Amino acid sequence: MLLCATCLAVLRDASGAPGHLSLRIIDTRRSKIPRSVTVTISTFRCSDCGAIWRYREAKDSGPQGWALVPSDETSDGG
Ligand SMILES: [Zn+2]
């Protein structure tokens, strides 16, 4: 998958990093880890290049912020 210029500019794995204006939210999931923190994962699709991004937000030591979702994890053809 070829990323558009704005996707290429997204700062990955950084808490609080902004996305970009062409990202459209398609899903949000919030889950509570027992005796731990609440994890919020939002999924976005870029309306320019179709890239799928996930934004993970949690007050733990796991990965934070933006991560690109591999295209084989997404099944819909657009
Ligand atoms: Zn894009």
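Residues numbered from 1 in each chain as written. Predicted model: local features only at pLDDT ≥ 70, side-chain atom pairs only at ≥ 80, totals over all residues. Heavy atoms only, no water.

Q: Explain the overall build of the chain residue by residue, including any values.
A: Looking only at helices and strands, the chain features one helix and four strands. Helices and strands appear in the chain in the N-to-C order α-β-β-β-β. Seen through its C-alpha atoms, the chain measures out along the principal axes to roughly 40 × 25 × 20 Å. Taken over 78 residues, the chain has a buried fraction of 32%. Counting only carbon and sulfur atoms, one obtains 53% of the accessible surface of the chain, whose full area is about 5,300 Å². (Helix = DSSP H or I, 4+ residues; strand = E, 2+ residues; numbered from the N terminus. Buried < 20%, exposed > 50% of the residue type's maximum accessible area, 1.4 Å probe, protein only. Areas by Shrake-Rupley, 256 points an atom, 1.4 Å probe, with all protein chains shown as cover.)

Q: Account for the coordination of the zinc ion, with residues named and values stated.
A: Around the zinc ion, the protein contributes the donor atoms Cys4 (SG), Cys7 (SG), Cys46 (SG) and Cys49 (SG), at 2.3 Å from the metal centre. In terms of primary sequence, the donors binding the zinc ion are separated according to C-x2-C-x38-C-x2-C. An identical accessibility class is assigned to cysteine 4 and cysteine 7; each is buried. (Donors = N, O, S within 2.8 Å, 3.2 Å for Na, K, Ca; no water.)

Q: Run through the packing of aromatic side chains, naming residues and quoting values.
A: One pass over the full model with this rule turns up three aromatic pairs. Residues tryptophan 53 and tryptophan 66 carry aromatic rings whose centres are separated by 6.2 Å and whose planes lie at 90° to one another, so their mutual orientation is edge-to-face. Within this pair, whereas tryptophan 53 is found in strand β3 (residues 52–57), its partner tryptophan 66 is found in strand β4 (residues 65–68), the two being separated by 13 residues in sequence. In this pair, the class of tryptophan 53 matches that of tryptophan 66, namely buried. Relative to tryptophan 66, the ring of tyrosine 55 lies with its centre 4.9 Å away and its plane at 70°, an arrangement referred to as edge-to-face. Placement of tyrosine 55 in strand β3 and of tryptophan 66 in strand β4 is noted, with a sequence separation of eleven residues between them. For the residue pair tyrosine 55 and tryptophan 66, the accessibility class agrees, reading buried in each case. Aromatic ring contacts, followed pair by pair, group Phe44, Trp53, Tyr55 and Trp66 into a single cluster. (Phe/Tyr/Trp six-rings, centres within 6.5 Å; stacked < 30°, edge-to-face > 60°.)

Q: Mind laying out the pairing of strand β1 (residues 23–32), listing which residues take part and the relevant values?
A: With nine bridges joining them, β1 and strand β2 (residues 38–46) adopt antiparallel strand pairing. Opposite leucine 23, over in β2, you have cysteine 46 as the bridge partner. The loop that links β1 with its antiparallel partner β2 comprises five residues; one of these, arginine 35, has a positive phi angle of about 55°. (Pairing = 2+ DSSP bridges.)

Q: Would you mind going over the pattern of salt bridges in detail, with residue names and values included?
A: For the coordinates displayed, the defined rule picks out two salt bridges. For aspartate 27, the salt bridge is made with arginine 29, and the minimal N-O distance between the two is 2.8 Å. Since its relative accessible area comes to 27%, aspartate 27 is described here as partly exposed. The exposure class assigned to arginine 29 is exposed, which follows from its relative accessible area of 59%. Salt-bridge contacts for arginine 56 lead to aspartate 60; the nearest nitrogen and oxygen are separated by 3.0 Å. On the accessibility criterion, arginine 56 (18% relative accessible area) is buried. Of the residues examined, aspartate 60 reaches a relative accessible area of 27% and is grouped as partly exposed. (Salt bridge = Lys/Arg side-chain N within 4 Å of Asp/Glu carboxyl O.)

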